[in-house]
Each structure stands twice: as C-alpha cells, then as structure tokens.
Amino acid sequence: MVVSEPRPKRETTSSEPQTTFTVSESGTDNPGTLHRRLLGPSIQKSGQDGVDQATVSEIIYQATQGSKYFEHQKRKEKDLTKKVESIVQQAKKVSHQDLEAAEVRIETLIRQHEATRDLTQTIVHVDCDAFYASVEELDHPELKSKPFAVGKGVLCTCNYEARKFGVRSAMAEFVAKKICPELVVLRLNFPKYIEKSNAIRKILFEYDPNHCAMTLDEAYLNITEYCAKVNKDREEVVSDMRRRILETTGVTVSAGIGPNSRVAKIASNINKPNGQFVIANDREAVMEFMCNLPVRKVTGVGYVLERQLLALNVNVCGDIYRKSALLYQLFTDTTITFLLNCYLGLGSTEVKPIDQYERKSVGCERTFRAISDVAQMKQKLQQIAEDLEKDCKRLNLAGRKLGLKLKRTTFEQISRQRPMPKPINSASDIYRYGLLMLEKELPITVRLIGLRLTDLVDLSHEGPMKTFLKGQRRQNYRLDDEAITSINFHAAFPESFEDSTNIHDDEEMGELNMMIQGSQEEVSSVIDDFRSSSKAIAARDITNAEEQQDSTANHSMQLSERDTLQLSTDSGETSSGVVACPICGNQVSADDQALNRHVDWCLSRAAIREAVKETF
DNA sequence: GCGGATCAC
DNA sequence: TATGGTGATCCGC
C-alpha cells in the first residue's frame, strides 16, 4: 500500500533569512560558538536540564583560556565558522532550476529508501545509566547523595548529583573541580565494570541470544522472537527485562524500543535515566517521531555537521525534507542518503553478535609530557610497538600497512601510512618500520605517538582456504550505511596504565582497552584443542601470512571459488547446529568463522578474569 | 592510495 | 599546570 503521507512542505527557495546563527564577521573569533565547543559533546545528554549552561560555560572558558588546548579549539572553531559561512554563501547561489532538478532526484531517492522499510522487527537499545558511577555506588552507598565522578585527569562519567552542577563526561578533572569543588573523583576499576557488564549480558542472552553488546554498557537486541514466544507486549517485555537487570545487578538501565536500530538508539535516551520509550512499528509513528527530533540527537550527526545544518535552518529531522533540494546541492551523496534515512526514520533491523564483525585495524597510542628528544621518542615508540604486538598476538592478526600518528604540542595531528613488505605483527618489525617513518618527521616536538596496523591478515586460519574464508565473511557481514560501527573488545587494567597522563575510559565517551599481559597461555591450551581448524594457533611468526600472500596472487580463481562455495555454505552451514563455547558455556554457532571470533572474544574476557584473580 | 577530519564511545 | 584511546568512515586530492 502506497499512501502518500502528509509531509512537511518543501521549500524551493534558497535565499532565506538566516536566523539561527548570528554570524560574526568573516575569519574572526566567534565567542558564542567557542563557548559551546568548549562545553563538549555531552551537553545534550540527560541530567543537564536544570543547569545554568551560561555560567558553567563561562567557568570552563576562564579555566582553560590561554592553554595550548584552548588555542587549538579556538583555531578549529574559527575554521569551522569559515566553512559554515562558505556553505551559506553557496546556498545563496543555488538557482531555482537547480532546486527543481534536485527535487525530482530526491523524490526518487525517497521512494527507493522507502521500499527498504521493514516494520516487522522489534529492536531494543539498552543503555546503562552512568554505568561506571552506578557500579561504584553499589560499593560506596554513601556517595549516592554526593556529586562524584569516575576517571583520572579526564572524567569518564559522573552521577546525576554531579550533573546538576554541570559536570559531565570527557571533562577535564581540574575544570570539573572548579565547577563543583566538592566533587569526589574515583579511580577506574575495570574488572568490576566488566563483571557487572557480564552479569547484565547474562540476562540479555535470554531475550536475544544474538544480541550485540557494543560496549560494556550498551547493547542492541532483537526481541521479535522472544515477544512471540512468550506472547507478551514489547513494552512489557522490556520493562520486565529492565526490572530483572536492576534486581539482579543493582544497575538501572534505560531502553529504546522501535522498528530499527537507529530509532531504538535515539529512543533509549529520551526517558533516561531508568526509563524506556517506545516507537510503534508504524510508519506514521516513526515519521512523527523523527519530524520534531533535533538533528544532533541522531547518531552520526556531530558538532560539525550540526553547525552546518543549523546554518541552513535545518534544526529537526523534519527540516531535512523541507530543505532537501537545497541540501542535495550542498552535500555529498553519502551525506544526502544518510540524512534522508534520518528523516524517514529508517535503519538497520539486523542484530548480530559483535564477534561477527571483521576488524579492520588495530592500533596503540599514548599521550605524554611533550618531548623533542629522539632517544626519548624511541623509548615511547618501543613501548607502543610492544603493546601493539600483544594486541596483534592476542587477536592473531598481522598488518600489511603501518600507520604512524603524532600530535604536536599545539594539538595538531600528523598521520603517515606505509605499505609493509610483508604483513607484520612483531614488536621488532613494528618498531623498526615505525621508527623509519618517525625519522622523516624530525625534528618535531610531540605529546602523542601512535601506531596502527591496517590491511589485516587473519592468522587464525592457515592454509589455502584462508583467503577464501575471509572473502566469504566479508560478503556475509557486509553492512550498509546503517552499519553499527566501532567494534572493539578492549579493556584496560588500571595497573597497566603508565605514567601519570590521563589514561582513562568512558562508558559514554570511550572504550575499554584490553591489554592482556599474562594468563593467556593456559587458556589458549584449552582453545588449541577446541579450534579444530587451527593447527598452529600461537603464530609467533608470520610465515603463514606470507603463504597467504601467494594465494592472493591467483585472484580470478579465488573469486570463482568463493562464489561457488558460498552458495554451499549458505544452504548447509547454518543447519549444522551450535556448540557450547568452552569458556563462557554459551551456545555458539558451529560455523568455523563465527566460532573463532567468539572464542577470541571470550578468551579476552577469560584472561581478564584470570588476571583479576591473580590481583586479589 | 594517502592524509586530514569527523564521529562514536 | 592542565584535555584520552581505539576504531571506523568519508572527503578531497
């Protein structure tokens, strides 16, 4: 049924008074937007309602003024203001004919997107409220009524008492203390958060065995089947689930319910904390929900894109349609497609475990007191190379490309990338090539050095089938622009944090950096037996990777092989059943790829638990 | 393909 | 005194 829905009227004029932003003269500083930039990305998060943002913003401004960081932000804000002004100028030049042509194209795009709409699934986004703070409160009940935060140097998160003062995640500790002098700041305790997260996930498994845990505090579920099975209303199901999580773990969670991941994610923020919001699986309901939603609430619209959209009088998602013809002339196809999907409230309806996504890079970076001495830089580089090697070995990966990242004392970043003669993952190789790249940038003064491997080679699967399998997985798990990104399984031990720089994490802003030092050996002996397809699991060199290079040479054969074999796996593999993971005991698909991904992931968790046991 | 930027968390 | 780390993607050249 194709019913033409009432839509907001589209404007076909581009010359319209710009009221949203008072633009200062070109190239000069714009104090208003700089204040806003310095406030950070989490102003629009929950718990900031009663806060006097103007006062807070002024304190931040005064506290940070004059620092290198401040100057950097000021430069960036100036550049952005210029860019925004340039877009406004371009907008004025768009002709009526251009707009009419764009309209036709837009209608086609909308029809195409509309055809993909799937309202048959119930997707839930679960988000723990101030997760780290919430976990800490369980151990320190006396803190409940006091403003406190978790972090070191920079805050990871804070409780709602602290938010009343304007304290927020990603805020520098010294700034937060100025805003709220009585603020208590706790150090991070990752093992505790991991344990709690696992307890929560244990419940999530019952509602969706294929749920996708994005981070420790956030997950997507598809509860369509569960609702049908228990014959219960989706809201009731989610409400029960949240209650159970609270009863068994003591942590409150918020949830968003909707027909796809995009709207579910947005919805989970609406009644935060400890609430839920549902969007009916109904086209009108979705459209209405999106229509009045500020564009900044959409995942993927950050500070920069918001500034550009606001300058074009696009404030809410409904404005995207009203201004679509103009936007079409000003933004790239990718951005237009993304924005139209936002307006239509379309998104992914596929939820699958995170261990089924293919990693594309692995890296390590560190901030320290500014140095210009080469010997000191070499030392940092060596440490980073060693840490990167550990991650590579743990993940059984090597990279064909090495990237070097530097940050000047001015906060300006430099990145260099180079293909390697062979896939590398040893600290000695990483260091050697990294140093060669670094030397080209000398002399330089830096506050950060980072190394990253890309074009990864999976060493878990040896032999001639390896490339084929890799290709197949890529095909099967290919994602569209609704893709859920950021797939990480890293966690960090506080003990492994070096120097006194602000290494921290954030359940809202960051993720866990898992540096498994010991205890992997014993676990991997169990795994060795389990992984039938991997004979030489602990690849200490990369001879096999070089072997694989040879196999990729025969490209055409590889392709035809893949096409043929994929058909057979599609029909046969899924019915071959599930097995129990030897580590977590959960049911896992017997599919070799999925299995190994899962084991890699579980292994990390197991290693952490071992390490925790040792610590205590 | 590279380097810079943006975004999420 | 003073502002993180990991990973993904897009864009312009």
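Quantities reported herein were computed from a predicted structural model and do not represent experimental measurements. (Residues numbered from 1 in each chain as written. Chains lettered and ligands numbered in written order. Predicted model: local features only at pLDDT ≥ 70, side-chain atom pairs only at ≥ 80, totals over all residues. Heavy atoms only, no water.)

## Side note on the sheet that holds strand β3 (residues 154-158)
Using the following cut-off: Pairing between strands is defined by DSSP: at least two bridges between them are needed. Each helix is a run of DSSP H or I of at least 4 residues and each strand a run of E of at least 2, with the numbering of both proceeding from the N terminus. Note on method: axes are straight lines fitted to C-alpha atoms, helices fitted across the in-contact stretch only, with angles between N-to-C directions ranging 0 to 180 degrees. Here a residue-residue contact requires only that any non-hydrogen atoms of the pair lie within 4.5 Å.
In spatial order, the strands read β3-β2-β4; together these three strands make up an open sheet with mixed pairing. The two strands at the open ends of the sheet, each matched to only one other strand, are β3 and β4 (184-186). Ignoring which end each strand starts from, the neighbouring axes of this sheet average 40° apart. As judged from the three bridges shared by strand β2 (residues 148-152) and β4, these two strands associate in the parallel manner. The residue of β4 that forms the bridge with F148 is V184. Sheet strands touched by helix α5 (residues 131-139): β2, β3 and β4. Its angle to β2, the strand with the most contacts, is close to 115°.

## Comments concerning unusual backbone geometry
Stated precisely, the cut-off is as follows: Note on exposure labels: buried denotes an accessible area under 20% of the residue type's maximum, exposed denotes more than 50%, and partly exposed covers the range between, all computed with a 1.4 Å probe on protein chains only.
Residues K272 and P273 are joined by a peptide bond in cis, for which omega reads 0°. In this structure, P273 sits in the loop between α11 (261-268) and β8 (276-278). Put simply, L442 and P443 share a cis peptide bond, and its omega is -5°. By the secondary structure assignment, P443 is in the loop between α18 (427-439) and β12 (446-458). With phi around 70°, A170 is a residue other than glycine that occupies positive phi space. As for its position among the elements, A170 is in the loop between α6 (160-163) and α7 (173-179). Note on A170: relative accessible area 34%, which makes it partly exposed. The phi angle at N313 is positive, at roughly 65°, despite the residue not being glycine.

## Quick notes on the packing of helix α17 (residues 374-395) against α18
Operational definition: Any angle from 65 to 115 degrees is called roughly perpendicular, while one under 35 is roughly parallel, one over 145 is roughly antiparallel, and all others are oblique. By convention the crossing between two helices is left-handed if the near helix lies anticlockwise of the far one by an angle smaller than a right angle, and right-handed if it lies clockwise.
Close contact between α17 and α18 brings their axes to 8 Å; oriented N to C, the two are set at 140°. As summarised for this structure, α17 and α18 are arranged oblique, according to the angle between their axes. Taken as a pair, α17 and α18 cross one another with a handedness that is right-handed. Side by side, α17 and α18 meet where M377, K378, L381, Q382, A385, E386, L388 and E389 of the first sit next to A427, I430, Y431, G434, L435 and L438 of the second.

## Points about the environment of H211
Here is the rule: For this analysis, a polar contact is any N or O atom pair within 3.5 Å, provided that within protein one partner can donate a hydrogen and the other can accept it, and provided that sequence-adjacent residues contribute only side-chain to side-chain pairs.
Its place among the elements puts H211 in the loop between α8 (190-207) and β5 (212-215). Owing to a relative accessible area of 2%, H211 belongs among the buried residues under this scheme. Only 3.0 Å separates the side chain of H211 from the backbone oxygen of D208, close enough to count as a polar contact.

## Some words on the pairing of β5
Looking along a regular strand, one sees the side chains alternate between the two faces of the sheet. Bridging between β5 and strand β6 (residues 218-222) involves three bridges; their strand directions are antiparallel. Across the sheet, residue T215 finds its bridge partner in β6, namely E218. Taken together, β5 and the strand that follows it, β6, pair antiparallel across an intervening segment of two residues.

## Remarks on helix α3 (residues 68-93)
Our working rule: An expected span of 1.5 Å times one less than the residue number is assigned to each helix.
Spanning 26 residues, α3 covers 38 Å between terminal C-alpha atoms, matching the ideal 38 Å at 1.5 Å per step. When we look at burial in α3, the residues that qualify are F70, H72, Q73, E77, L80, T81, V84, E85, I87, V88 and A91.

## Some thoughts on the pattern of salt bridges
Our working rule: When a carboxyl oxygen of Asp or Glu is within 4 Å of a side-chain nitrogen of Lys or Arg, the pair counts as a salt bridge.
Taken as a whole and assessed by the stated rule, the structure comprises 27 salt bridges. Its salt-bridge partner being E218, residue K265 comes within 3.2 Å of it at the nearest N-O pair. Of this pair, K265 sits in helix α11 while E218 sits in strand β6, placing them 47 residues apart in sequence. Accessibility expressed as a relative area gives 18% for K265, which makes it buried. Given the relative accessible area of 16%, E218 is considered buried. Here K401 and D455 are joined by a salt bridge, their closest N and O atoms 3.9 Å apart. On the criterion of sequence distance, the pair formed by K401 in strand β10 (residues 397-408) and D455 in strand β12 is long-range, its members being 54 residues apart. Take K401: its relative accessible area is 27%, and that puts it in the partly exposed class. The class of D455 is partly exposed, set by a relative accessible area of 38%. The network of salt bridges with common partners includes R36, R296 and E306.

So far we have only geometry, and geometry alone does not tell us how the molecule works.
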